[in-house]
Amino acid sequence: MDKNSAAGSRLVELRDLRVAFDGVQVLHGINLDVAKGEALGLVGESGCGKSVTWLAALGLLPGKAMVSGSVKLDGQELAGGPRSVLESVRGGRIAMIFQDPSSSLNPVLRIGRQIVEALAVHRSLRGEAARAEALRLLDMVGIPDARRRFDLYPHEFSGGQCQRLMIAMALAGEPDLLVADEPTTALDATIQAQILDLLIRLRKETGMATVFISHDLGAVSQVCERVCVMYAGRIVEEGSVADLFAAPRHPYTRGLFDAIPRLDGGRERLIPIPGTVPNPKHLPKGCSFSPRCPRAEDGCREARPPLLALDNGRKLACFNPVPPVAKTAVRIVEEALA
Amino acid sequence: MSPLIEARGLVRVYQVRRGLFGRPIPVRAVDGVSLTVMPGETLGIVGESGSGKSTLGRMLLGVDDAQEGEVLFEGRPMPAMNTAEWRALRAKMQLVYQDPLAALDRRLTIAVQIGEPLEIHDLLPKEQRASHVAELMAAVGLRSDQADRYPHELSGGQRQRAVIARALASRPRLLVCDEPVSALDVSIQAQVVNMMRDLQEEHRIAMVFISHDLKVVRNIADRVAVMYLGRIVEEASSDVLFKAPQHPYTQALVSSVPVPGQLLEGRVILQGEPPNPANRPAGCAFHPRCPIARDICRSAVPQLRRISEGRAAACHVVAGEPVQAEA
């Protein structure tokens, strides 16, 4: 396949993607590229537009949503195209898995049949060939004793195994991109680690790109190479995991890091971000984050900072960014004061 | 100082049916748990789903009754559920759940709901109730103009604050919190955790904090008990437990917590499924997933033993050998 020779080139291009519900704009012009085989993380609090971005791109939002902008897959425009184009892409070239796997599986169908169905739709496999391929997928995602459990119903599997089943179904179409929307949030820590491990391994084995949507920066840093931080329907910071985690520049990104309780160290007070995500109906003037921002100046409340490119692929939308110093500076100061 | 609440050998058995016509199978959700909570202390209880931690929390309040064992509150046995004595005692012990929307009545304003315990337990004269509700709202960080809002008009964090304010209305001595911040974003989670710590320190409320999130428990609990399939497998102060976990299950739990900037490689990833209480392995319940299991672990159930000052573990390997226990 030409998958490897084209590595590094753009697989998906989102340009000026906007979404409004009932006249209220919730997504304000997202520009985002996903390269072939890349693992991209999308982080931010709930209500920042992480999921809406990809639901809009795949045409999965309800009819009342007004979507505009461009969504290109390998240069082919998907937005506003005929239904048939989107349907050949969804589940085939781009697959999506969600937080709650049990609500995405049909409870009254045996799981083997559900996967065989996906293989029939996306790869026209029938009969023994479909069954053999389904078993291979179940093995691949780590369902033990797949042959014997082929004819079980979803409720006979645990939450972690249901997520594995969802991933197997997503793989049925041999997608070029897997969009995983909070896939581990509902799982226990030990099972979460298994699923993250699985996602990393599958990407290595199949070469598919992964978009990992999560509010858990820890999980994102393990799966992804690049991260976009979203706030109130916009991307506010973007960069490689290594750079961005070493020195977050946007005060919001910094706040997200500082808010994570630590396992090492003492029994400490946590460092919250004050306030909440603004209601899209009443976005604050200027920078949307300014009312919660410890570094906001007068100018931040007047004008909105554009997303500008820094060096080595980093982007930042902030007038008064965190200076690029060691990431634990705040902690060190606090410990010294305590 | 005597403990505020003490549990001795608690056992809770549910009858579970496999299929519509299956024979009921007894499932021991909580299987011989003993613990104490001192006044003003926070005990964290961690474990995976199915470990019995929520059932244990309900048993401490007498909402689920125990088939074996007993709960002592302030040194006296817990009265039977739904008796007048039990109801009176419930004012002193309150429960906070994970889902605030389910815990709140959608048709009542939050001020009315925060004031409800005062009415139920007839705690304050009517004319003082409104001002106490206003104080409670301020204490949990709700604005006074939010008093007349309905639950759906508040954010998740604000709703959980309202639930906590209601739990505090009767000035309880004990708060049992079951995953109180798990549904919140980290930024908001930190706000609520800090608030709970402040209120607890100010009013010297004892707390049982049940959560699967080790990072939150680390930063709120004084002491932590780790549960696996209905039993406590390790117990120690929060400082000691997370720094040097002894039980292999605790080690795996600590290792599975994703740390920003650290890769998965090199960490212990626990294999196998979360435990199913309906299908409890013989011997040590953890042995099928345990990296250091020996023959004895497959046959004999390890007891919770003291391994050093203020620290106990139930494991044949780390706490079983008399030589080690004595050292």
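The rules behind these values
- Residues numbered from 1 in each chain as written.
- Chains lettered and ligands numbered in written order.
- Predicted model: local features only at pLDDT ≥ 70, side-chain atom pairs only at ≥ 80, totals over all residues.
- Heavy atoms only, no water.
- Helix = DSSP H or I, 4+ residues; strand = E, 2+ residues; numbered from the N terminus.
- Buried < 20%, exposed > 50% of the residue type's maximum accessible area, 1.4 Å probe, protein only.
- Contact = heavy atoms within 4.5 Å.
- Lys, Arg positive; Asp, Glu negative; His and termini not counted.
- Charge placed at Lys NZ, Arg CZ, Asp CG, Glu CD.
- Pairing = 2+ DSSP bridges.
- Salt bridge = Lys/Arg side-chain N within 4 Å of Asp/Glu carboxyl O.
- Phe/Tyr/Trp six-rings, centres within 6.5 Å; stacked < 30°, edge-to-face > 60°.
- Axes fitted to C-alpha atoms, helices over the stretch in contact; angles between N-to-C directions.
- Right-handed = clockwise from strand over helix to strand, strands pointing away.

(A) Region of interest: the overall build of chain A. Within chain A, the regular secondary structure consists of 12 helices and 12 strands. The buried share among the 338 residues of chain A stands at 54%. Across chain A, contacts joining residues at least 24 apart in sequence account for 65% of those joining residues at least 6 apart. One way to put it: in chain A the 41 positive side-chain charges average out to a point 2 Å from where the 39 negative ones average out.

(B) Broad picture of the environment of Gly52(B). Residues and elements named next belong to chain B. Structurally, the position occupied by Gly52 is in the loop between β3 (42-46) and α1 (53-60). For Gly52, a relative accessible area of 9% puts it in the buried group. Separated by 22 residues in sequence, Gly52 and Val30 have C-alpha atoms that sit 5.5 Å apart. Excluding residues that lie within four positions of it along the chain, Gly52 makes contacts with Ala29, Val30 and Met227.

(C) Representation of the environment of Leu178(A) in the model. Residue and element names in this part refer to chain A. Looking at the secondary structure, you find Leu178 in strand β7 (residues 177-181). In this structure the C-alpha to C-alpha distance between Leu178 and Val223, which are 45 residues apart in sequence, comes to 13 Å. Once you skip the residues sitting within four places of it in the chain, Leu178 turns out to touch Ala95, Ile97, Ala170, Leu199, Met208, Ala209, Thr210 and Val211.

(D) Structural detail: the pairing of strand β10 (residues 234-240) of chain A. Residues and elements named next belong to chain A. The buried fraction of β10 is high, at 6 of 7 residues. As consecutive antiparallel partners, strand β9 (residues 226-231) and β10 are separated by 2 residues, and within that stretch Ala232 has a phi angle of approximately 50°, a positive value. For β10 and strand β12 (residues 315-316), the ladder comprises 2 bridges, and the chain directions are antiparallel. Following the sheet pairing, Glu238 is matched in β12 by Lys315.

(E) Region of interest: the pattern of salt bridges. Residue and element names in this part refer to chain A. All chains considered together, the criterion is met by 47 salt bridges over all chains. Notably, a salt bridge pairs Asp74 with Lys36, separated by 3.4 Å at the nearest N-O pair. Of this pair, Asp74 sits in the loop between β4 (65-73) and β5 (76-77) while Lys36 sits in the loop between β2 (24-35) and β3 (39-43), and the two are 38 residues apart along the sequence. Here Asp74 falls in the partly exposed class, since its relative accessible area comes to 38%. The structure contains a network of salt bridges with shared partners spanning Arg10, Glu13, Arg15 and Asp33.

(F) Seen up close, the packing of aromatic side chains. Following the criterion strictly, the structure yields 7 aromatic pairs over all chains and no others. Measuring from ring centre to ring centre gives 4.8 Å for Phe245(A) and Phe257(A), while their planes differ by 80°; the resulting arrangement is edge-to-face. Of the two residues, Phe245(A) is situated in helix α10 (residues 241-246) and Phe257(A) in helix α11 (residues 251-259); the sequence distance between them amounts to 12 residues. Look at Phe245(A) and you get buried, because its relative accessible area is 3%. Classification of Phe257(A) as buried rests on a relative accessible area of 12%. Their ring planes at 65° and their centres at 4.5 Å tell us that Tyr228(B) and Tyr249(B) sit as a pair that is edge-to-face.

(G) Inspection of the sheet that holds strand β1 (residues 5-17) of chain B at higher detail. All names here are of chain B. The 4 strands lie next to each other as β2-β1-β4-β5, forming an open sheet whose pairing is antiparallel. Both outer strands of the open sheet, β2 (24-37) and β5 (76-77), are each paired with one neighbouring strand and no more. Here 5 bridges tie β1 to strand β4 (residues 68-73), and the two strands are oriented antiparallel to one another. Pairing of Glu6 across the sheet is with Leu72, part of β4. Packing against the sheet, α1 makes contact with β1, β2 and β4, and its axis sits at approximately 125° to β1.

(H) Expanded view of the pairing of strand β8 (residues 206-210) of chain B. Residue and element names in this part refer to chain B. For β8, the tally of buried residues reaches 5 of 5 residues, placing the bulk of the element in the interior. The alternating pattern of β8 places Ala206, Val208 and Ile210 and Met207 and Phe209 on opposite faces, both of which are buried. Following the chain from strand β7 (residues 174-178) across helix α7 (residues 186-203) to the adjacent parallel β8, one finds a crossover that is right-handed.

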